[in-house]
Amino acid sequence: MHRRTLLSAIAATSLLAVTTGCQADSSAAAKDGTTTVTLALDWTPNTNHTGIYVAQAKGWFKDAGIDLRIVPYGSTAPETLLAAHKADFGISYQEGVTTARAAGADITSVYAVTQKTNVTIAVRAGRDDISSPKDLDGRTYAGFGAPYEKPLLQKVIQNAGGEGDFKQVTLNTSAYAALYADKADFAMPMPTWEGLEAELSGKPLKNFQLSDYGFPAIYSTLVASSDQFLKKSPAVAKKFLAALDKGYRYAADHPDQAADLLIAQNKSVLTNTELVKKSERLLAKEYYKGADGGIGTQSAERWQAFADFEYQAGLLVDGDGKKLTKAPDASEFFTNDYLPAAK
C-alpha cells in the first residue's frame, strides 16, 4: 500500500524530459462507439481503488460509454505517465501532485478518494513511555526515504512541544514488524491497511493523528489527470468521474458488498479477505466522506496549506531542479469542475 517515495525520488528534470515529444492523450474511440480511457494504478489493487472496481463490476463505466483500461502498477509512476500523456487518469496523492506540478509537469488532481489524512505517526501499543509526539525526540524513525518525511515529523513533534530531533532508518520490512523487532521506535503507516494488518497479526499500534498537532490535512489518495486531456476531452472526463464517483459512493454506503466486488476481480492479490473487509469498513466510516458528508471534492485552502509547508521545507523545485523562490499557487493543482453535481 506504500508508493510514497517513488515520485519524490524522481528529479524534476527527468519528469519533464519524459513529456517532451509525447503524442496526444491515450483515449480513443473504440469500434463499438465507446471511448477507451486508461487509468494507471499506483500500486497493486487495494481498498484505495475500491470505487474503480465497483464501477467496473456494476457496468457504470460501460453505461457511460467508456471502455476503461486499468493499467497495472509498474516501474513508471502514474504521475510520470500522466505528465507524459501516456495515461488519461491515474491514482496519486497530494505530495506527488504538488511536487510534480511545482516542477511544471502537466498533472491536475480531479477527485479526492480520501478526505481524511490516511497516514499517522505510530508506535507499539504498549509504549507507555510515548504518550505524545514530543516524546519522540531522540528516538528512531523507520521510514521510506521520502524527502518530506523528516520536515513533516519535525513540525508535528515541535508542535507537540518537542525539539524535532530524531534518528532515521529506512524500512526494509513492514512498519509494525520493525517496531516490534525494536529496530525503530516510530513509523508512519496507513491506518486503513498496515494498522489493521498489525492488529490482525497481534501487534497493535498506538497512533497519533497529524492534524491533532497542527499539520495540514492531506489528500492521501486522489485521482489525477492532465490539463491536456481535460481540455481535449471534457465530456469524457465528466462521464468517467461520474461513474467513478458512483463507485466510491456505493463503497461508502455498502462497504462489505464493495469489498466483495473488489476481491472478486483481484483474487490472486487480495487473499486476506478479513483485512480487505476491515479496511473497507474503516474507509467507509472515516475516510471517504468529509465532515460535510461530501465525497470527491477538494479545497483550495487544503492544497495551499500543504504547498506552503512543502515550500517552507525547501522541497519544491522548478523544471531545472532549482528550489522555488516563492510558494506556488496551489489553486492550479486541482479542479472540481469535472465532478458530477453535488448530491
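About the criteria used
- Residues numbered from 1 in each chain as written.
- Predicted model: local features only at pLDDT ≥ 70, side-chain atom pairs only at ≥ 80, totals over all residues.
- Heavy atoms only, no water.
- Helix = DSSP H or I, 4+ residues; strand = E, 2+ residues; numbered from the N terminus.
- Rg over C-alpha atoms; globule rule 2.2 N^0.38 Å.
- Contact = heavy atoms within 4.5 Å.
- Buried < 20%, exposed > 50% of the residue type's maximum accessible area, 1.4 Å probe, protein only.
- Pairing = 2+ DSSP bridges.
- Right-handed = clockwise from strand over helix to strand, strands pointing away.
- Phe/Tyr/Trp six-rings, centres within 6.5 Å; stacked < 30°, edge-to-face > 60°.
- Expected span 1.5 Å × (residues − 1).
- Core = buried A, V, L, I, M, F, W, Y, C linked by side-chain atoms within 4.5 Å.

Caption draft 1: Geometry of the overall build of the protein chain. On a plain count of helices and strands, the protein chain comes out with 13 helices and 11 strands. Taking 343 residues into account, the globule formula puts the C-alpha radius of gyration at 20 Å, and the protein chain, at 20 Å, falls close to it. Dimensions of the protein chain along its principal axes, counting C-alpha atoms only, are 65 × 50 × 35 Å. Within the protein chain, residue pairs in contact and separated by at least 24 positions form 81% of the contacts whose partners lie at least 6 positions apart.

Caption draft 2: Spotlight on the environment of A259. Checked against the element boundaries, A259 lands in helix 11 (residues 255–265). On the basis of relative accessible area, A259 is assigned to the buried category, the value being 0%. C-alpha of A259 to C-alpha of G51: the two residues are 208 residues apart in sequence and 9.6 Å apart in space. Sequence-distant contacts of A259, that is, excluding residues within four places in its chain, are made with V276, K277 and E280.

Caption draft 3: Focus on the pairing of strand 8 (residues 167–170). In this sheet, strand 8 lies alongside strand 7 (residues 140–143) in parallel orientation, the contact comprising 4 bridges. Counterpart to T140 in the pairing with strand 8 is K167. In this view, the connection linking strand 7 to its parallel neighbour strand 8 by way of helix 6 (residues 149–159) has right-handed handedness.

Caption draft 4: Up close: the packing of aromatic side chains. Per the counting criterion, the structure on display carries 16 aromatic pairs. Ring plane angle 75 degrees and centroid distance 5.2 Å describe the contact between F89 and F229, whose orientation is recorded as edge-to-face. Linking F89 in strand 4 (residues 89–92) with F229 in helix 9 (residues 227–232), this pair joins segments that are 140 residues apart in sequence. The same class applies to F89 as to F229, namely buried. Note on W303 and F333: the rings are 6.3 Å apart at their centroids and 85 degrees apart in plane angle, and the pair reads as edge-to-face.

Caption draft 5: Quick look at unusual backbone geometry. Phi at H85 takes a positive value of approximately 60 degrees, unusual for a residue other than glycine. Phi is positive for D182, close to 60 degrees, though the residue is something other than glycine. You can see D182 is positioned in the loop between helix 7 (175–180) and strand 9 (186–187). Judged by its relative accessible area of 60%, D182 falls in the exposed class.

Caption draft 6: Local environment of the pairing of strand 11 (residues 222–225). The side-chain alternation of strand 11 yields two buried faces, one formed by L222 and A224 and the other by V223 and S225. In terms of strand pairing, strand 4 meets strand 11 through 3 bridges, oriented antiparallel. Bridging from a neighbouring strand, I91 pairs with V223 of strand 11. Taken together, the 4 bridges between strand 5 (residues 108–112) and strand 11 define a ladder with antiparallel strand orientation. Paired with A112 across the strands is L222, a residue of strand 11.

Caption draft 7: Representation of helix 10 (residues 234–253) within the structure. With 20 residues, helix 10 extends 28 Å between its outermost C-alpha atoms, agreeing within 8% with the 28 Å of an ideal straight helix rising 1.5 Å per residue. Those residues of helix 10 not exposed but buried are V236, A237, F240, L241, A243, L244, D245, G247, Y248, Y250, A251 and A252.

Caption draft 8: Structural detail: the nonpolar core. If you look at the biggest cluster of nonpolar residues, it comprises 46 residues, and the most contacted ones within it are I52, F89, Y111, V223, F240 and L244. Among the elements that line this core, the one with the most residues is helix 10, at 10 residues. Sequence-distant contacts of F89, that is, excluding residues within four places in its chain, are made with V37, T38, L39, A40, L82, V110, V223, A224, S225, F229, A237 and F240.

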